[in-house]
Amino acid sequence: MEILVYAVMLFVLFNVIMGIASINTWVERKGSALIQDRIGANRAGRYLDSDLLVLKPVLPVIRFLGILGVINTLLCDAVKALFKEDFVPQGVSKFLHALGPFMAVFPVFLAFAIIPLAPEFVLFGEVIRPQLAPLNAGVLFFLAMGSMAVYGVAIAGWAGNNKYSLLGGLRAAAQMISYELAMGLAFVAVIVCYGTLDLYEMVNRQEGVWGVVYQPITFIILFIVGMAETKRGPFDLPEAESELTAGYFTEYSGMKFLLFWLGEFAEIGLFSFLLVLLFFGGWHLPFVDLPEHAWWAALIGHAILMGKVLFFCVLQIVLRWTLPRFRFDQLMKLGWKYLLPLSMINLLVYGALKAGGWLTV
Amino acid sequence: MIPVSFYLTLAALMFTIGVCGVAIRRNVIVVFMCIELMLNAVNLSMVAFSRTVGNLDGQIGVFFVMVVAAAEAAIGLGIIIALFRSTRSLESSEASELRR
Amino acid sequence: MMILFALLGALVIASAIGVVALRHPIHSALCLVLNLVGVAALYAMLDAHFLSAVQIIVYAGAIMVLVLFVIMLLNIKVEQPHRRGIILTLLATLAGVCFLGILAPLFYRGLRGFTDHSSKIEGTVEAFGELLFTRYLFPFEAASVLIMVAIVGAVMIGKRHQQGGSK
């Protein structure tokens, strides 16, 4: 029974990850077109015609999806990548070349294991908590996986056997290490605030007031750091196309390239999940009281959570296409001279508040 | 439950491999990594002892070893970069300025 | 449980040998990362949850990334085999085996008089933190000073000397 529950949870979690990644892909393609005053993908599937009886009733739907560009971005691109030549440059270790994209995706997917997807509910007389791994280390596990993600880009940069790749890999490693410090300290402030490491417990503490109300600075730090860790937005120096062609994935094609893409979009989803769970009440909405332990309440809670997560995903993508890129010294200055001291002071303030007993969550 | 001697044997093997590495390799960075290997072997044995004795003191010791290892990495890699700048190589036998 | 331990042990030993035996520093470093992750899993098997997380964050996530960074930055090539390489290697391996020979009986004899409690002691974050901020407060503070000194030292060593400036 327990194994079955875990299997179902794993299946649902995997679908959530892939769903968020594909929605992000579509929003990125079509949204960037909107922001840049282009039309964007709108051809594939648009003029589909078929005499098959099975297809007849869904034809308008497919055509509509085609106009929206969904078929182009999700179906055609994936199929195209599958059939592309898998190019490996000369003089590199084939194993390392394949290990790079794998290591870029694997930690991100593992980190999803601690994310609770909905409130607890009772099914067949058993209380089920939809969280794959309720670990004692909790948020620390997320930090551990975040630090493992550096290896993907570093190895990929090395395995390209190419100056641009190497520079991109080095930049990515330096950037991620620098911002990890501020991220760790911001997380400690959150842990001090809630007094627990478990994400599920943290969400439960926000039933009345959302966390962002009394820890706005922590939220801002984590939001900026999250965008830097995904290597996007104004922080996309490791893959700056005007300087490094494509940075650490210059020498990748086909499915391996798509894996980097997937890891990036899954990571956007991961950080959105964290922000929502830590600061925006997870499945809680103000003035909405869901009954405890009902399966339909869990479904509604899940929908609320996913809505908030999608909002933050879209926000990150819009910011990415709005803001210009940093210079590398500006990036380092922001990380070391502003964010790190700010998160230290932030931690001190919350420590003092907690010790003085003024902060009761 | 796995007996503690298994963990200790594993730790001893790891430590021995680390010692061999320090003796065999001449690349300073690899020697550095072999030292980390030895530290890890000791850490593993301390955690195993901690469970056997029944208190957390051994694990606290491991925590401090990790702190020292982090400090060591910061200084050690700084020295390695300085060495590379002055001798253009990382052979440990090349760093013999003081002997002349 | 036993199977898991055997697998992890094999992984840890194989990757440790890889660190020593592989010629390219990058491969050595990646083997060491594998080794560290394996040891972290062993910590988790020993109920040291906090240490297992810290092992991955600090060792695999920070220290080894720095090492990898330095290797990539200096663009180190494959180590050339030395003239006396084979003899030296054999001698060193022999010394290592002798060392293990000394170590093993000590462990064996020492452990016979040892009562194995194997109690359910769990290295949870709460228990760990409480001990660290009460009985081990002074070493903890001393360690933070040590880290501070190390940072300053690393900055001083790493600083590029200006031409004509004080050396």
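Treat the numbers as computed from the prediction; the structure is a model and nothing was measured.

Analysis parameters
Residues numbered from 1 in each chain as written. Chains lettered and ligands numbered in written order. Predicted model: local features only at pLDDT ≥ 70, side-chain atom pairs only at ≥ 80, totals over all residues. Heavy atoms only, no water. Helix = DSSP H or I, 4+ residues; strand = E, 2+ residues; numbered from the N terminus. Rg over C-alpha atoms; globule rule 2.2 N^0.38 Å. Buried < 20%, exposed > 50% of the residue type's maximum accessible area, 1.4 Å probe, protein only. Contact = heavy atoms within 4.5 Å. Areas by Shrake-Rupley, 256 points an atom, 1.4 Å probe, with all protein chains shown as cover. Lys, Arg positive; Asp, Glu negative; His and termini not counted. Charge placed at Lys NZ, Arg CZ, Asp CG, Glu CD. Buried area = accessible area lost by both parts, 1.4 Å probe. Salt bridge = Lys/Arg side-chain N within 4 Å of Asp/Glu carboxyl O. Polar contact = N/O pair within 3.5 Å; in protein donor to acceptor, adjacent residues only side chain to side chain. Axes fitted to C-alpha atoms, helices over the stretch in contact; angles between N-to-C directions. Parallel < 35°, antiparallel > 145°, perpendicular 65-115°, else oblique. Nonpolar A, V, L, I, M, F, W, Y, C, P; charged D, E, K, R; others polar. Domains from an automatic or database assignment. Left-handed = near helix turned anticlockwise from the far one by under 90°. Core = buried A, V, L, I, M, F, W, Y, C linked by side-chain atoms within 4.5 Å. Phe/Tyr/Trp six-rings, centres within 6.5 Å; stacked < 30°, edge-to-face > 60°.

A tally of helices and strands in chain B yields three helices and zero strands. Starting at the N terminus and walking to the C terminus, you meet the elements of chain B as α-α-α. In summary, chain B has a C-alpha radius of gyration of 17 Å against a globular reference of 13 Å for 100 residues, an excess of more than 25%. Expressed along its principal axes, the backbone C-alpha trace of chain B runs to roughly 55 × 25 × 20 Å. Evaluated residue by residue, chain B yields a buried proportion of 59% over its 100 residues. Long-range pairs, those at least 24 residues apart, make up 56% of the contacts in chain B with a sequence separation of at least 6. For chain B, the accessible area works out to roughly 3800 Å², and carbon and sulfur atoms hold 68% of it. Computed over 7 positive and 6 negative side-chain charges, the inter-centroid distance for chain B is 7 Å.

Now for the interface of chain B and chain C. Tallying the contact residues gives 69 residues for chain B and 81 residues for chain C. Between chain B and chain C, the buried area comes to about 6600 Å², and carbon and sulfur atoms account for 79% of it. When the area that chain B buries against chain C is broken down by residue, the three leading residues are M33, R51 and M66 of chain B, summing to 10%. Inspection of the region where chain B meets chain C yields one salt bridge. Two residues, D57 of chain B and R135 of chain C, come together in a salt bridge whose shortest N-O distance is 3.2 Å. Put simply, chain B and chain C have four residue pairs in polar contact (both at pLDDT 80 or more) between them. Counting only elements with at least two residues in the side of chain B that touches chain C, the list comes to α1 (4-24), α2 (28-53) and α3 (57-87) of chain B. Here the side of chain B that touches chain C gets 23 residues from one element, more than from any other, and that element is α3 of chain B.

Below, the discussion takes up unusual backbone geometry. Notably, D37 of chain A is not glycine yet its phi reads approximately 60°, a positive angle. You can see D37 of chain A is positioned in the loop between α1 (2-35) and α2 (59-68). Judged by relative accessible area, which is 73%, D37 of chain A ranks as exposed. Located in the positive-phi region is D47 of chain C, a residue other than glycine, with phi close to 65°. Under the relative-accessibility criterion, D47 of chain C is labelled buried at 12%.

Relative to the helices and strands, V125 of chain C is located in helix α5 (residues 125-132). When the C-alpha atoms of V125 of chain C and V145 of chain C are compared, they prove to be 23 Å apart, with 20 residues separating the residues in sequence. Apart from residues no more than four positions distant in its own chain, V125 of chain C is found in contact with N136, A137, L140 and L197 of chain A together with F50 of chain C.

Okay, the packing of helix α9 (residues 216-229) of chain A against helix α11 (residues 254-279) of chain A next. Helix packing geometry: the angle between the two helix axes and the distance between the axes. Residues and elements named next belong to chain A. Their axes nearest at 10 Å, the elements α9 and α11 cross at an angle of 170°. Considering their axes alone, α9 and α11 lie roughly antiparallel with respect to each other. In this structure, α9 contributes T218, F219, L222, F223, G226 and E229 to the contact, and α11 contributes E267, F271, L275, L278 and F279. Grouping the constituent residues of the contact of α9 with α11 by class yields seven nonpolar, two polar and two charged.

Attention now moves to the interface of chain A and chain C. For an interface, size is often stated in terms of accessible area lost upon the parts coming together. On the side of chain C, 24 residues touch chain A, which itself brings 22 residues to the contact. Here chain A and chain C share an interface that buries about 1900 Å² over both sides, 82% of which is from carbon and sulfur atoms. Taken as a group, N136, Y151 and W158 of chain A account for 32% of the area that chain A buries against chain C, more than any other trio of residues on that side. At the junction of chain A and chain C, the tally comes to zero salt bridges. Taken together, chain A and chain C are joined by one residue pair in polar contact (both at pLDDT 80 or more). Those elements that provide at least two residues to the side of chain A that touches chain C are α5 (139-159) and α6 (163-194) of chain A. Residues of the side of chain A that touches chain C, tallied by class, amount to 17 nonpolar, four polar and one charged.

Before going further, it helps to examine the domain arrangement of chain C. Along its sequence, chain C is organised into domain 1 (1-81) and domain 2 (127-160). Between the C-alpha centres of domain 1 of chain C and domain 2 of chain C there is a distance of 24 Å.

Bringing the arrangement of the chains into the picture now. Contacts between protein chains span two pairs of chains, and they are most numerous for chains B and C. Contact between chain A and chain B is absent, and the least distance between their C-alpha atoms amounts to 13 Å.

Quick look at the packing of α1 of chain A against helix α12 (residues 295-322) of chain A now. All names here are of chain A. In contact at an axis separation of 10 Å, α1 and α12 are set at 40° when each is read in the N-to-C sense. Between α1 and α12, the crossing angle belongs to the class labelled oblique. Where α1 crosses over α12, the handedness of that crossing is right-handed. Every residue of α12 that contacts α1 at V16, I20, I23, N24, V27, E28, S32 and I35 is listed here: H302, M306, V309, L310, C313, V314, I317, V318, R320 and W321. Broken down by class, the residue content of the contact of α1 with α12 amounts to 13 nonpolar, three polar and two charged.

Attention now moves to the nonpolar core. The biggest cluster of nonpolar side chains holds 175 residues, and the ones touching the most others in it are F273 of chain A together with M33 of chain B. When we break this core down by domain, the ones giving at least three residues each are domain 1 (1-81) and domain 2 (127-160) of chain C. Contact partners of M33 of chain B, with chain neighbours within four places excluded, come to V19, P25, S28, A29, L32, M64, V67 and I71 of chain C. One finds M9, A118, F121 and A298 of chain A within the second-largest nonpolar core, a separate group that totals five residues.

Inspection of the entire model under this criterion finds 26 aromatic pairs over all chains. For the ring pair Y7 of chain B and F5 of chain C, a centre distance of 4.8 Å and an interplane angle of 75° mean the geometry is edge-to-face. Here Y7 of chain B, found in helix α1, pairs with F5 of chain C, found in helix α1 (residues 2-21), and the two come from separate chains. Y7 of chain B sits in the buried class, given a relative accessible area of 1%. Here F63 of chain B and F64 of chain B contribute two aromatic rings whose centre-to-centre distance is 5.8 Å and whose plane-to-plane angle is 70°, an arrangement assigned as edge-to-face. By relative accessible area, which is 13% here, F63 of chain B ends up buried. A residue is classified by how much of its surface remains accessible, and F64 of chain B, at 15% relative accessible area, is buried. An aromatic cluster is present here, built from W210, F219, F223, F279, F280, F311 and F312 of chain A joined pairwise through their rings.

This paragraph deals with the pattern of salt bridges. Residues and elements named next belong to chain A. For the structure shown, the criterion picks out five salt bridges over all chains. Between E28 and R320 there is a salt bridge; the shortest N-O distance is 3.1 Å. Placement of the pair is E28 in helix α1 and R320 in helix α12, with a sequence separation of 292 residues.

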